[in-house]
Amino acid sequence: MDLHQNSAGLSKFVEGTAVATGNQDVTNLATNLNSKMTAEQKRELLMKAARLRSLGALSNNPADINKRIVSLNQYSSAVDSWLSNNLGVDLDLAHQLDVGEEEVFLGNPLPIKVIALDQKGTKLASGGWDNIIRIWELENSVLCAQLKGHNDCILSLVLDSTAENVVSASADKTIKVWNIKDQKNIETLNHHPELVKKMIISEDGKTLYTASIDGTISLVDTGNWTYLRMINTGKRNLQDFCLHPDGTQIVVGYRDRTVSLYNSETAKWIKSFEVTGGGSLTSVLLIDDSRTVIVGFHKGELTSWDIETTKKLQTFEGHTDGITSIASSKKGLFFVSASLDSTARVWDCKLGVSALTIDFHTDPVQSVQMSSDGKFVFTAGFDKLIKKTPMGVLNIVDRQIEDPEVMDGITDTLRHVQDTKGMVTAQIGMLSKTMQDQIQSQGEIYMKEFTGEVQKLQVKQEEVVELVKRLQEENSQLREELKSRDQRIDDLEERFRALESKL
C-alpha cells in the first residue's frame, strides 16, 4: 500500500499524540500532511510522531506519584490500542476493501473438535464428537453436506485442492475420503495402526500427509489416493507437524517438548532440538520466512524458535490455558492461536504482541483457521459454534502493503513504540517500587510512633494497677478500722447497759 493513500490515518495518529502526551505543539505536525508527500517523508513523520508520543508520556512528571502512574498506564494502554487496531493504516480503508461481516455457523449438536478450509476459501469443514463431517459453503453460509460413516470423534480434516473432496481422520483409527457433492465415502485409508493426530495437503495439492501418535507420517498421492511412502520418526507421542512451503521438509513436535526436522523426499532425519515452555508441547507452525517455528504449550505459552540456529526468538504472552491450535495468514505477518481459555488471539509475528483477541466463545476453543485471503479467522470449540471474525485492518496490512521499504518503515515504527512501551512499563515498575518504599518508610515511622504510644499506655497501665493496689490496701485498712470501731461501740453499749441495770 502506498502511504500516499494514508494521510487520514497518519493525521489521526499524529493528532492523537497531542491528547496522549499533553503536548499541544504536536498538532502542528498534522498540518504538514498532504497528498504530495513522498512515502519516505510520511514514514519519517510517522516515526517522529511515535517518538514524540513516547517522549511526551515519559516527560509528564506531576508532583503526585499516583497521577504519574495513571498517566503512564494510560499511555501504555494507548500504545496497546494503537498496535492492536491501527498499525499505522487508515481505518477507513477497512470499509472500502469490503472485509465482510462476522457470522456464527450453527448446526453442530455436540462440541466441535476440528475445522478446515479449502485453499480457495470457498468451503469450510467441521467435525467433532457426533462423528459427522459438515461442509459449509462460505459464499452464502449454507450447510451443503453432512457426511456420516465414522464410529468415533473426528480428529482431523483437510479439503483437497479442488474443494470437491474432504479427507477425515477419526478416533476409530480410519481415514476416509469423501466426495462432497455425492456425500459418499470414495476411499478408506488404513496405513496407520493407531490414531491419526493431523493431516495436511501440500500447497500443490498433490500429496496428503498423515501423522499418527505412533510417530509415523505417511504420504498419499491425492490423484488416486494411493500410498506413496512412510517416514518413521521412531518416537511416539507425536502431537503436531507442519510442512515447509516447498514440501521438502517436515517439522514435527512431540509431547516431551522436542522439535524434529525430516526430509520428506528421503524420509531421513535432519535435526532435533528441545524447546522450553509451560507444560507439554501441543502445537507447531512454520511462519514468516519458513525458518521460524511457533510452538504452543499445554499451559498457554507460545514461543518462537529459529529452526536453523535452534535458538529461542521470543515469547507471546496472553493466553491463560492450553494452546489447542495454530494457523497463519498468507504472508505470515500474523498468526492466530486457539486456547482452552475460551479465546483466540491474532499475533504480530515480528513484534510478539497480541493484535486482536476473539473472546466470543463461552467454552474452550479447539480449532482455528485463517482464510487464504487473510480476511477472516474461523474458530470453533466446545460451545458447538463456529465463529467467523473479520481481520479488518490487520488484513489490509497483511495483504496490501507490497513495498518492502514501506513495510520496514512501519515495522521500525512499531518496534520503536513497543520499545517505548517497555520503557514505560519499566518506569511504572520503578515508580511503584518508589511508592512501596515510601509506604514502607512511612509505615515504619507510624509503627515507631505507635510503639511509643503503646509503651506509654503500658506505663500508665502499670501506674493504674499500682494505684488500684494501693486503693485496695487502703480499703482493707479502712475496713479493719471500721470493724475495730464497731467493736468498740459494741463494748461501750454493753458497759452502758450494765451501768443502767445497777442504777
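Basis of the calculations
- Residues numbered from 1 in each chain as written.
- Predicted model: local features only at pLDDT ≥ 70, side-chain atom pairs only at ≥ 80, totals over all residues.
- Heavy atoms only, no water.
- Salt bridge = Lys/Arg side-chain N within 4 Å of Asp/Glu carboxyl O.
- Buried < 20%, exposed > 50% of the residue type's maximum accessible area, 1.4 Å probe, protein only.
- Patch = residues over 30% accessible without salt bridge, like charges linked within 9 Å, V, L, I, M, F, W, Y side chains within 5 Å.
- Areas by Shrake-Rupley, 256 points an atom, 1.4 Å probe, with all protein chains shown as cover.
- Helix = DSSP H or I, 4+ residues; strand = E, 2+ residues; numbered from the N terminus.
- Pairing = 2+ DSSP bridges.
- Axes fitted to C-alpha atoms, helices over the stretch in contact; angles between N-to-C directions.
- pLDDT = per-residue confidence, 0-100.
- Contact = heavy atoms within 4.5 Å.
- Phe/Tyr/Trp six-rings, centres within 6.5 Å; stacked < 30°, edge-to-face > 60°.
- Lys NZ or Arg CZ within 6 Å of the ring centre and 35° of its normal.

Quick question: what am I supposed to make of the pattern of salt bridges here?
A side chain of one charge can pair with a side chain of the opposite charge if their charged atoms are brought near each other. Under the definition given, this model contains nine salt bridges. One salt bridge in this structure joins Asp 130 and Arg 134, with 2.7 Å as the shortest N-O distance. With respect to class, Asp 130 is no different from Arg 134; both count as buried. For Arg 291, the salt bridge goes to Glu 308, with nearest N and O atoms at 3.4 Å.

Teacher, can you tell me more about a nonpolar patch on the surface here?
On the surface, a nonpolar cluster with roughly 250 Å² of combined accessible area is contributed by Val 104, Leu 106 and Phe 360. Note on placement: Leu 106 falls in the loop between strand 1 (103-105) and strand 2 (112-117).

Looking at this structure, how should I read unusual backbone geometry?
Note: most residues except glycine have negative phi, and most peptide bonds are trans. If you check the backbone angles, Gln 183 has positive phi at about 55° while not being a glycine. As for its position among the elements, Gln 183 is in the loop between strand 8 (175-179) and strand 9 (184-189). Residues other than glycine seldom take positive phi values, yet Lys 384 does so here, at roughly 70°. Here Lys 384 lies in the loop between strand 27 (376-381) and strand 28 (386-390).

Sorry, what's going on with the sheet that holds strand 22 (residues 323-328) here?
Whether parallel or antiparallel, the strands of a sheet pair through hydrogen bonds between backbone atoms. Sheet architecture is open: four strands sit in the order 22-23-24-25, paired in antiparallel fashion. Of all the strands in the sheet, the pair left with one neighbour each is strand 22 and strand 25 (353-358). Sheet twist, expressed as the mean angle between neighbouring strand axes with direction ignored, is 25°. By the bridge criterion, five bridges tie strand 24 (residues 344-348) to strand 25 in an arrangement that is antiparallel. By the bridge assignment, Trp 347 is partnered in strand 25 with Ser 354.

Teacher, can you tell me more about the pairing of strand 28 here?
For a regular strand, side-chain orientation follows a simple rule: the groups alternate between the two sheet faces. With four of five residues buried, strand 28 is to be regarded as a mostly interior element. In terms of strand pairing, strand 1 meets strand 28 through three bridges, oriented antiparallel. Paired with Glu 103 across the two strands is Lys 388, which belongs to strand 28. Strand direction decides the pairing type here: strand 27 and strand 28, joined by five bridges, are antiparallel. Opposite Thr 379, over in strand 28, you have Lys 387 as the bridge partner. Here strand 27 hands over to strand 28 after four residues, with Lys 384 in that stretch at a positive phi of 70°.

In this structure, what is going on with the confidence of the model for the protein chain? I would like to understand it.
Low pLDDT means the predicted atomic positions in that stretch should not be read closely. Taken over all residues, the pLDDT of the protein chain has a mean of 77, while the share at 70 or more is 70%. Counting contacts from residues 86-100, a segment whose pLDDT is below 50, to residues more than four positions away or on other chains yields 41 contacts.

Which parts of the structure should I look at to understand the environment of Gly 279?
Tracing the chain through its elements places Gly 279 in the loop between strand 17 (269-274) and strand 18 (281-287). Residues Gly 279 and Arg 255, spaced 24 residues apart in sequence, show a C-alpha to C-alpha distance of 9.0 Å. Excluding residues within four positions of it along the chain, Gly 279 makes contact with Arg 257, Phe 297, His 298 and Lys 299.

What's the story with the side chain of Ser 264 in this structure? I'm lost.
For Ser 264, the position within the fold is in the loop between strand 16 (258-263) and strand 17. In this structure, Ser 264 is in contact with Tyr 209, Leu 219, Arg 229, Ile 231, Gly 247, Thr 248, Gln 249 and Ile 250, ignoring residues within four places of it in sequence.

I'm lost on the packing of aromatic side chains in this one. Help?
Aromatic rings considered in pairs are described by the distance between their centres and by the relative angle of their planes. Per the stated rule, a full pass over the model turns up six aromatic pairs. Between the aromatic rings of Trp 129 and Phe 382, the centroid separation amounts to 5.5 Å while the plane-to-plane angle is 85°, which identifies the pairing as edge-to-face. One end of the pair, Trp 129, is in the loop between strand 3 (123-128) and strand 4 (132-137); the other, Phe 382, is in the loop between strand 27 and strand 28, and 253 residues separate them in sequence. Taken together, a centroid distance of 5.1 Å and an interplanar angle of 85° make the contact between Phe 316 and Phe 335 edge-to-face. Here Phe 316 is found in strand 21 (residues 312-316), whereas its partner Phe 335 is found in strand 23 (residues 334-339), with 19 residues between them in sequence. The two residues Phe 316 and Phe 335 agree in class, both being buried. Each member of the aromatic cluster is reached from another via a ring pair, and the members are Phe 316, Phe 335 and Trp 347. In this structure, Lys 388 packs its charged tip against the face of Phe 376, placed 4.3 Å from the ring centre.

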